[in-house]
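Working through the structure, step by step
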Amino acid sequence: MAGIRDKMNQKSSTMGSVQSRSIFCFFFLILILHLSAILLFTRGFLLTRTELPYYSNCSDVSQFPCLPLHINKSSSSSKTPNRTNQEEVVPHNVNRNPGCWTRPAVDRLVIIVLDALRFDFVAPSTFFEEKKPWMDKLRVLQKLASEEGLSARIFKAIADPPTTSLQRLKGLTTGGLPTFIDVGNSFGAPAIVEDNLIYQLAQNGKRVVMMGDDTWFQLFPQHFNKSYPYPSFNVKDLDTVDDGCIKHLFPSLYEDDWDVLVAHFLGVDHAGHIFGVNSIPMIEKLEQYNAMLEKVVEVLQSQSQPGGLHENTLLLVMGDHGQTLNGDHGGGGAEEIETAIFAMSLKEPPSSFSAGYESSSCHLDLDGKTMCISTIQQLDFAATVSALIGVPFPFGSIGRVSPYLYSLVGGTWDLESSHRSTGQDQSDMEEWMKNYANVLCINSWQIKRYVDLYSASSVIGFSNEDLLRVRDMYAKASENWMHVGSRNASLPDLEKQIHLYSSFMASIAELARSKWTEFNLTLMGVGFAVMMVSLFVHFFSIWRLEKLSGVYFGSHDNSGISVGFICACSMIFIRACSLLSNSYILEEGKVACFLAATLGVINLRYSLMKRKMLQEAVVFVLLIFIIRLSIELGLSKEAGGSIVMDLFPSWMTRDNDMASLVVHMVELLPILALLVLAMLLYKAIIRSACHWILKCLTSSTMTCYLLIALYWGQESKLFSIPYFLKGKNSYIIPRIVYAVGFAQVLSLFTIFKLLGEKKTQKWEEKVVALLSALSSTIIILSGKQGTLVALVSIVGGWCIMRCQSLLSDSRLSTSPIVQWNLLAVCLFFCTGHWCAFDGLRYGAAFTGFDEFILTRQAILLTIETFGFSHILPIFGLPFLIVNKKLSSPDKQRKGSFFIQLSQAYLINGLITATTVTITILCVSIHRRHLMVWGLFAPKFVFEVAGLVLTDVLTCFALFYYRSSS
């Protein structure tokens, strides 16, 4: 008998092993199908623009169908030294290269980039309906624009999305449109290999000095005469980059060893990411910039006399993009794409220069003077600066030389000498317009050359119909210029000519914006088809596991089966279909809360009918309401009192005890929540009979909680923290938490094999141990809101588990798993995230670190982004199984648990895969939508990242739970 029993046990073990291998094969097949579908669809959808290996050269001037370039030797901007002997000293204001495409207008250029500079940071508050605390802080720019007349102007600059710093710098220097796929390079900027402004400056003898954001050095590693780069990705550091810029900026202004100076400040961008726009650090940064700019202008003006170092210098103060009120950017919203450019020439142009080109919004400024602000495109920056400083336009630039900026430096030309050299008697306005029309002729020729070569060289170029239309426009403009440029043209003739060239270039820009990326519909279709196949594999796997187990959950009440199953499927279908609308994507967090609350109300109805679990059903509905409220408030910043400040700004700014008490309570609340978590974990440990090693591992999480409380306490003024934990020493605590968490997870994945299965019988203990090991890292990365979200997730999961007995689903517990999945989605938005690159909390990646290392920061950012929405819910899913009464005999429960758990993971994966499939369908339908790159494409990226993470974590979870069975 004993031999027979051993053979039966051996046979049962062998069958279980075969079943396990079959289950893992299902999940690996699904993972491979998902990866294949994503790669295929991405190759067809997220195509990059073809970068042509061509560069503009001075020798191209022989191909121009434009007027010959007349270099005005009397102009300071075009003087060349008389090299009669080697000892001759070249004057400061002499431009060493007189220009080859256009007549230079300036000798030196100072570009101060204030990262994430919103338009309302610069423009007077009188231009807006409501005055905000951050407005009118850069008063020096407003006063100069008002007092200096036409020699100093403020412009609204429109950037093209995506509005990440890398794409904006590439767009500014190449004159081309950014591509969506390059967003991924924002954390490791590759050197620009196509023609660009910095390359042309260096190639044509212009000496460039750069200081500040090290992205410039990564993009242009060999183009600067001097460079002072500082690390840019630690968004918690508001001062290092700015202090470094100031340290080198002012000494450089007194030196004559450069022609172009670039200073890129990052304080405003970092203050926005961490604290938001409406914050004290943001206002302090703006005030610091105002003082800095006052000194810069003072230095420039003090040396602007004839023969001075800055006699012919142009100052540009500009932003690369804007930012939302939360301090984020990356998308295509108005706050993100609208930034500002302040330009000041130290020579005032004739007042008639800009007449006829004003398309401005005019209001009274704070001093009661009329101020007009024009709108320009950042796309025009590279071509305009190239024309002003006299270097060839970048080969791939499709921007137009801006008439506003070009007219601003009109005072640098000696027009009377120009009249004598041409032998024509024209007014200043006619001479300027003829020169500008000739510049547009060169500009149009360069764009036409690029479009022709791009269409011939690229696999996917512009359509023949579009090319024929723009060629006709160019031919008409060129033919008209042959008649106008060869004679003493009148102002109406010149205006018509400028209009023809401007219309041609505007058409090219519009064409590029609408059709730059041609989608490979075949690859997109194959990717979508593979995704559909994966859904069928999901269904087949679920059915197959039912056949293997023969064990079902719960009862078989037909009415309960139909209602519960249909409601759950309806929630999945409604959420998936809502992604077809851009409005619903914007409100996705609220939609998920509504659907989760709907299932909660259904549970509440059943609890009233069956008179049980009423407390749990009510708590879940109230919990979803709280989550919905937190999404509305936007818990995205680490400042503890920021929400209270936003709700009661006037009351909180008063100096009273009640305001201080509220702020202190807000700071204490996360720490108290940590203590509650520690207490709950302690009770779970003492009530269990698990092995002492497992208890020690779980208990170490409580130590991590206490360390996190100490870490947050040092940021508050309520506690006196030892000196050795301040400054950079404070990074010790996060690193200890990371190390302990990693050690716990690694131990848990190996310990059960060492202990043996008899000492680790209870699955609940295994789940609690793993979740506790993961929780400390996720909480510290999520900031002070992390403990509150952790409590919400615990209560929500407990309610779902308790309410399972109310519904009698079909053979699988579909409804609780759908609720579990929707709760995870709600937690994603509750933690301040949304499906856009400006929804990432970059500051979390630097918790415990100063320096930027791509792999480490990417891992930390991924954990913070998907911690509460994917990592904890996936590893916590077994709670829905261990709390469900199985209808199988005791002897079958051990083997059936793993199969039923696999079924639960398949259902959860099926829900996620269905959402991704609809998202793929959505972006395919809306591939020509206005918001495709600003909304639909980021949504696609986040969804597929979540799907791959779900598949990978599911495999790890099954390995962990199977290894101990």
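As the structure is a prediction and not an experimental result, all values here were calculated from the model. (Residues numbered from 1 in each chain as written. Predicted model: local features only at pLDDT ≥ 70, side-chain atom pairs only at ≥ 80, totals over all residues. Heavy atoms only, no water.)

1. A short note on the side chain of Asp-213
If you trace the backbone, Asp-213 turns up in strand β3 (residues 208-213). Despite being buried, Asp-213 has no salt bridge partner; Arg-168 is the closest side chain of opposite charge, sitting 13 Å away. Of note is the side chain of Asp-213, whose polar atom sits 2.9 Å from the side chain of Thr-215. Separated by 3.1 Å, the side chains of Asp-213 and Ser-232 make a polar contact. Setting aside its immediate chain neighbours within four residues, Asp-213 contacts Asp-115, Tyr-230, Ser-232, Val-241, His-264 and Leu-266. (Helix = DSSP H or I, 4+ residues; strand = E, 2+ residues; numbered from the N terminus. Buried < 20%, exposed > 50% of the residue type's maximum accessible area, 1.4 Å probe, protein only. Lys, Arg positive; Asp, Glu negative; His and termini not counted. Salt bridge = Lys/Arg side-chain N within 4 Å of Asp/Glu carboxyl O. Polar contact = N/O pair within 3.5 Å; in protein donor to acceptor, adjacent residues only side chain to side chain. Contact = heavy atoms within 4.5 Å.)

2. A word on the packing of helix α8 (residues 267-275) against helix α9 (residues 280-302)
Relative orientation of the contacting elements α8 and α9 amounts to 175 degrees, with a least axis distance of 9 Å. In terms of axis orientation, α8 runs roughly antiparallel to α9. Listed contacts from α9 to Gly-267, Val-268, Ala-271, Gly-272 and Phe-275 of α8 are Pro-281, Met-282, Lys-285, Leu-286 and Tyr-289. (Axes fitted to C-alpha atoms, helices over the stretch in contact; angles between N-to-C directions. Parallel < 35°, antiparallel > 145°, perpendicular 65-115°, else oblique.)

3. Considering the packing of helix α28 (residues 785-802) against helix α29 (residues 814-830)
One can describe the packing of α28 onto α29 by two numbers: an axis separation of 10 Å at closest approach and a directional angle of 165 degrees. Regarding the angle of α28 to α29, the classification is roughly antiparallel. When the axes of α28 and α29 are compared, the crossing they make is right-handed. For the pair formed by α28 and α29, the contact residues are Gln-785, Val-789, Val-792, Ser-793, Gly-796, Gly-797 and Ile-800 on the first element and Pro-816, Gln-819, Trp-820, Leu-823, Leu-827 and Cys-830 on the second. Its residues assigned to classes, the contact of α28 with α29 comprises 8 nonpolar, 5 polar and no charged. (Left-handed = near helix turned anticlockwise from the far one by under 90°. Nonpolar A, V, L, I, M, F, W, Y, C, P; charged D, E, K, R; others polar.)

4. Looking at helix α21 (residues 614-633)
For α21, with 20 residues, the first-to-last C-alpha span of 29 Å sits near the 28 Å given by 1.5 Å per residue. Those residues of α21 not exposed but buried are Glu-616, Ala-617, Phe-620, Leu-623, Ile-624, Ile-627, Ser-630 and Ile-631. All buried residues of α21 lie within an arc of 140 degrees about the axis, which places them on one face of the element. Pointing more than 90 degrees away from the buried face of α21 are the exposed residues Gln-615, Leu-622 and Phe-625. (Expected span 1.5 Å × (residues − 1). Arc of directions from axis to C-beta.)

5. Digging into the environment of Asp-365
Residue placement: Asp-365 occurs in the loop between β8 (360-364) and β9 (370-377). A relative accessible area of 7% places Asp-365 in the buried class. Placed 238 residues apart in sequence, Asp-365 and Phe-127 show a C-alpha to C-alpha distance of 8.0 Å. A polar contact is formed between the side chain of Asp-365 and the backbone nitrogen of Gly-368, at a distance of 3.0 Å.

6. Considering unusual backbone geometry
Phi at Asp-136 is positive, roughly 60 degrees, even though this residue is not glycine. Looking at the element boundaries, Asp-136 is found in the loop between α2 (119-122) and α3 (139-147).

7. Looking at the state of the cysteines
Scanning all chains against the criterion turns up 3 disulfides. Two residues, Cys-58 and Cys-100, share a disulfide whose sulfurs are 2.1 Å apart. Negative torsions about the S-S bond denote left-handed disulfides, and the value of about -65 degrees found for Cys-58 with Cys-100 makes this one left-handed. Residue Cys-58 is found in the loop between α1 (2-45) and β1 (108-114), and its partner Cys-100 is found in the loop between α1 and β1; the two are separated by 42 residues along the sequence. Through a disulfide, Cys-66 is tied to Cys-441; the S-S separation comes to 2.1 Å. A torsion of -85 degrees about the S-S bond marks the disulfide between Cys-66 and Cys-441 as left-handed. Separated by 375 residues along the polypeptide, Cys-66 in the loop between α1 and β1 and Cys-441 in helix α14 (residues 428-457) bring together distant segments of the chain. Judged by relative accessible area, which is 15%, Cys-66 ranks as buried. When its relative accessible area of 1% is taken as the criterion, Cys-441 is described as buried. (Disulfide = S-S within 2.5 Å.)

8. Considering a nonpolar patch on the surface
On the surface, Val-676, Met-679, Leu-680, Ile-794 and Val-795 cluster together to form a nonpolar patch covering roughly 360 Å² of accessible area. At the level of secondary structure, the elements contributing two or more residues to the nonpolar patch comprise α24 (657-687) and α28. By residue number, the principal contributor to the nonpolar patch is α24, which donates 3 residues. Mapped onto the fold, Met-679 is located in helix α24. (Patch = residues over 30% accessible without salt bridge, like charges linked within 9 Å, V, L, I, M, F, W, Y side chains within 5 Å. Areas by Shrake-Rupley, 256 points an atom, 1.4 Å probe, with all protein chains shown as cover.)

9. Some remarks on the pattern of salt bridges
Counting across every chain of the model gives 22 salt bridges. As a salt-bridge pair, Glu-130 and Lys-132 come within 3.4 Å of each other at their nearest N and O atoms. Each of Arg-575, Glu-588, Lys-939 and Glu-943 takes part in salt bridges that share partners, so that together they form one network.

10. Digging into the nonpolar core
In this structure, Phe-45, Ile-627, Leu-748, Ile-779, Phe-875, Tyr-905 and Tyr-961 are the most contacted members of the largest nonpolar core, which totals 142 residues. Among all residues touching Ile-779, those that are not within four sequence positions of it are Leu-674, Leu-677, Tyr-705, Ile-708, Trp-712, Gly-786, Thr-787, Ala-790 and Phe-868. Counting 83 residues, the second largest nonpolar core, distinct from the first, contains Cys-66, Val-260, Val-451 and Leu-467. (Core = buried A, V, L, I, M, F, W, Y, C linked by side-chain atoms within 4.5 Å.)

11. Structural notes on the packing of aromatic side chains
Applying the stated criterion to the full structure yields 31 aromatic pairs. Pairing Phe-24 with Phe-898 gives two aromatic rings, centres 6.3 Å apart and planes at 40 degrees, and the pair type is tilted. In this pair, Phe-24 is assigned in helix α1 and Phe-898 in helix α32 (residues 890-925), connecting sequence segments 874 residues apart. Phe-898 carries the same exposure label as Phe-24, and that label is buried. Here Trp-216 and Phe-220 contribute two aromatic rings whose centre-to-centre distance is 6.1 Å and whose plane-to-plane angle is 40 degrees, an arrangement assigned as tilted. Overall, Trp-216 belongs to the buried group, its relative accessible area being 5%. Residue Phe-220 is classed as buried on the basis of its relative accessible area of 0%. Above the face of the Phe-119 ring, Lys-156 is positioned so that its terminal group lies 4.9 Å from the ring centre. (Phe/Tyr/Trp six-rings, centres within 6.5 Å; stacked < 30°, edge-to-face > 60°. Lys NZ or Arg CZ within 6 Å of the ring centre and 35° of its normal.)

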